[in-house]
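Now for the letters of each chain:
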Amino acid sequence: MKVLKFGGTSVSSVETVNNISNILKKSTENQIIVCSALSKVTNMLTEAAEKAAAGDISYKEICTQIEKRHYDFIDELIEKSQQADLKDIIHTNIASLEKVLEAIFFLNELSTRAYYIIVSFGEKMSNAIIYRFLKIHNGSVGYLDSSQIIITRTVNDKEHVNRSVTYKNIKDNYDPNFKITVAPGFISKSENGYATTLGRGGSDYTAALYAAALDAELLEIWTDVSGIYTSDPRKVKSASPLPKVSYKEALELSNFGAKVIYAPTIQPVLEKNIPMVILNTFRPEDKGTLVTVETDDTKPIKAFSTMDDIAMITFSGTGLVGTTGIAGRLFNTLSRNNVNIIIICQASSEMSICLVIDAKDANKAVKAINEEFDFEIRKGTIDKTEAQMEYSILAMVGEGMKNAAGLTGKAFTALGSANINIHAIAQDSTEINVSIVVKKEDSVKALNVLHDSFFNA
């Protein structure tokens, strides 16, 4: 059996849903199909929640728009004689949504739990429609309610999937007598019984969990691009899809800005050695990108990607030199304040530590560091910390880099020739990723310069 995931743009029109139906008909084996909410609906739900919390009554207009969007989608897809109670299902969901939003409106407060409930309506409604359509056109179709099957637990104020319980639930509830089974993506439930979600991009993760639990032969991620590209095609016009990458390369690219795949998706299928392929719903004839344990050895560098809106923090002072425990205090302070460190650099002189973090955490990080080291700052052994904003990380990714000499030098030469200044560099011992920090205003130019140097010479 195999698992197929279809994103929001893949369930946005009659054409794309017919494409899904035809894709499923081509296979004789059992299939689980995981769908996202209709395109932009999750954003609309988030906007409605924020307006309600701000006391803005226009959240009701957004609910009306969402309901009409689903009604119109039903009318386009399904003949009136076969709609039965489908619009009633949508109306019931919208009524429940409005009750939650009304409570938020009067409280002027949006809690995390309330937010989870609100955004979960998108997947519930879209998958109800897809399920009905496939029952009409594809015959034997079952349904799994992911909101009751995928279980999360809270760790450090964040929801994480309890895989052992989730896998058992999937095995216990999956019925192989159905050739096709619809399972909503993104939505889940906590161990305590309240609604949770798997985060933006969580439908990919949902599909991977189903694939791993049932030892699927293949996981297909259907999206609006033809695989993983050599760079972001919106920024680099000459970028092209890669035929094959390894799990490790895909994980590095997803962590550094490649939006085609959601990073947590990789771990479940990697553990079970389940191949994954990234395909295009709008161009189903394209081969896409195969993701497996092995990589394509003919290409030492697979792709370049960028992560924007980055801040740099330099923690420096004579008090760092030869002093045990300073770095530990620094990292513990940031950990307590939920600041994720993306890159760490330290010179052999031990005079400074450079930290690269998400720009939205910069003020919080600076405040935490200066409070932790207030005594040393007043004493003059450590400098007061400040954040430098408007940076980007440029990632050079490929498993073959460790066996090929001169690639990093070639990259630095290309950037230098284009008058692009490098502000920090990081590379770990696996040599899969070389991360280069540049000014945000130079990031697109740098991306094109490197792409041209290695792929368009």
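Reference entry: report on the structure contained in this document. (Residues numbered from 1 in each chain as written. Predicted model: local features only at pLDDT ≥ 70, side-chain atom pairs only at ≥ 80, totals over all residues. Heavy atoms only, no water.)

1. So, the overall build of the chain
The helix and strand tally for the chain stands at 16 helices and 18 strands. The C-alpha atoms of the chain give a radius of gyration of 24 Å, which matches the 23 Å a tight globule of 457 residues would have. The C-alpha extent of the chain, read off along each of the three principal axes, is 75 × 55 × 40 Å. With 457 residues in all, the chain has 52% of them scored as buried. In the chain, 76% of the contacts between residues at least 6 apart in sequence involve partners at least 24 apart. Per element, the accessible surface of the chain, about 20,600 Å² overall, is 49% carbon and sulfur. If you average the places of the 48 positive and of the 55 negative side-chain charges in the chain, the two averages end up 1 Å apart. (Helix = DSSP H or I, 4+ residues; strand = E, 2+ residues; numbered from the N terminus. Rg over C-alpha atoms; globule rule 2.2 N^0.38 Å. Buried < 20%, exposed > 50% of the residue type's maximum accessible area, 1.4 Å probe, protein only. Contact = heavy atoms within 4.5 Å. Areas by Shrake-Rupley, 256 points an atom, 1.4 Å probe, with all protein chains shown as cover. Lys, Arg positive; Asp, Glu negative; His and termini not counted. Charge placed at Lys NZ, Arg CZ, Asp CG, Glu CD.)

2. Comments concerning the pairing of strand β4 (residues 151-155)
On a regular strand, one side chain projects to one face of the sheet and the next to the other, so that they alternate. In the sheet, β4 pairs with strand β7 (residues 187-190) via two bridges, with the strands oriented parallel. If you follow Ile151 over to β7, its bridge partner there is Lys189. The sheet contact formed by β4 and strand β5 (residues 158-161) spans four bridges and is antiparallel. Bridge pairing links Val155 to Lys158 in β5. Taking the residues that link successive antiparallel strands as the turn, the β4-β5 hairpin has two residues, and the phi of Asn156 there is positive, at about 55°. (Pairing = 2+ DSSP bridges.)

3. Re unusual backbone geometry
Excluding glycine, residues mostly carry a negative phi; peptide bonds, for their part, are mostly trans. The phi dihedral of Asp215 is positive, around 50°, even though this residue is not glycine. Position of Asp215 among the secondary structure elements: in the loop between α9 (202-213) and β9 (218-223).

4. Some words on the pairing of strand β14 (residues 341-346)
With five bridges connecting them, β14 and strand β15 (residues 352-358) associate as antiparallel partners. Bridging from a neighbouring strand, Ile341 pairs with Ile357 of β15. Taken together, β14 and the strand that follows it, β15, pair antiparallel across an intervening segment of five residues, in which Glu350 is found at a positive phi of about 65°.

5. Focus: the packing of aromatic side chains
If you walk through the whole model with that rule in mind, you get seven aromatic pairs. With a centroid separation of 5.6 Å and an interplanar angle of 45°, the aromatic rings of Phe304 and Phe454 are classed as tilted. Here the residue Phe304 occupies a position in strand β13 (residues 303-316), and Phe454 occupies one in helix α16 (residues 443-455), the gap between them amounting to 150 residues. Note on accessibility: Phe304 and Phe454 belong to one class, buried. Between Phe315 and Phe373, the aromatic rings sit 4.8 Å apart at their centres with planes inclined by 50°, giving tilted as the arrangement. Placement of Phe315 in strand β13 and of Phe373 in the loop between α13 (362-372) and α14 (374-379) is noted, with a sequence separation of 58 residues between them. Comparing Phe315 with Phe373 shows no difference in burial state: the two are buried. The structure contains a cluster of three or more aromatic residues connected by ring pairs, namely Tyr59, Phe105 and Phe106. A cation sits over an aromatic face here: Lys87 above Tyr71, 5.3 Å from the ring centre. (Phe/Tyr/Trp six-rings, centres within 6.5 Å; stacked < 30°, edge-to-face > 60°. Lys NZ or Arg CZ within 6 Å of the ring centre and 35° of its normal.)

6. Description of the pattern of salt bridges
Any two side chains of opposite charge can pair, on the condition that their charged atoms come close. For the coordinates displayed, the defined rule picks out 24 salt bridges. A salt bridge links Glu294 to Lys244; the shortest N-O distance between them is 3.9 Å. In this pair, Glu294 is assigned in the loop between β12 (289-292) and β13 and Lys244 in strand β10 (residues 244-246), connecting sequence segments 50 residues apart. Of the residues examined, Glu294 reaches a relative accessible area of 54% and is grouped as exposed. Across the salt bridge formed by Asp361 and Lys360, the nearest N and O atoms sit 3.7 Å from each other. (Salt bridge = Lys/Arg side-chain N within 4 Å of Asp/Glu carboxyl O.)

7. A closer look at the packing of helix α3 (residues 59-77) against helix α5 (residues 86-107)
At a minimum axis distance of 10 Å, the contact between α3 and α5 shows a crossing angle of 165°. Here α3 is positioned roughly antiparallel relative to α5, judged by the angle of their axes. The handedness of the crossing between α3 and α5 is right-handed. Facing Tyr59, Cys63, Ile66, Glu67, His70, Tyr71, Ile74 and Asp75 of α3, the residues of α5 in contact are Leu86, Lys87, Ile90, His91, Ile94, Leu97, Glu98, Leu101, Glu102 and Phe105. Looking at the contact of α3 with α5 residue by residue, the classes come out as 11 nonpolar, two polar and five charged. (Axes fitted to C-alpha atoms, helices over the stretch in contact; angles between N-to-C directions. Parallel < 35°, antiparallel > 145°, perpendicular 65-115°, else oblique. Left-handed = near helix turned anticlockwise from the far one by under 90°. Nonpolar A, V, L, I, M, F, W, Y, C, P; charged D, E, K, R; others polar.)

8. Here we look at the packing of α3 against helix α6 (residues 112-138)
For the pair α3 and α6, interaxial distance at closest approach is 11 Å and the crossing angle is 10°. For the element pair α3 / α6, the angle class is roughly parallel. The residues of α6 that touch α3, namely those facing Ile66, His70, Phe73, Ile74 and Leu77, are Met125, Ser126, Ile129 and Phe133. Grouping the amino acids of the contact of α3 with α6 by side-chain chemistry returns seven nonpolar, two polar and no charged.

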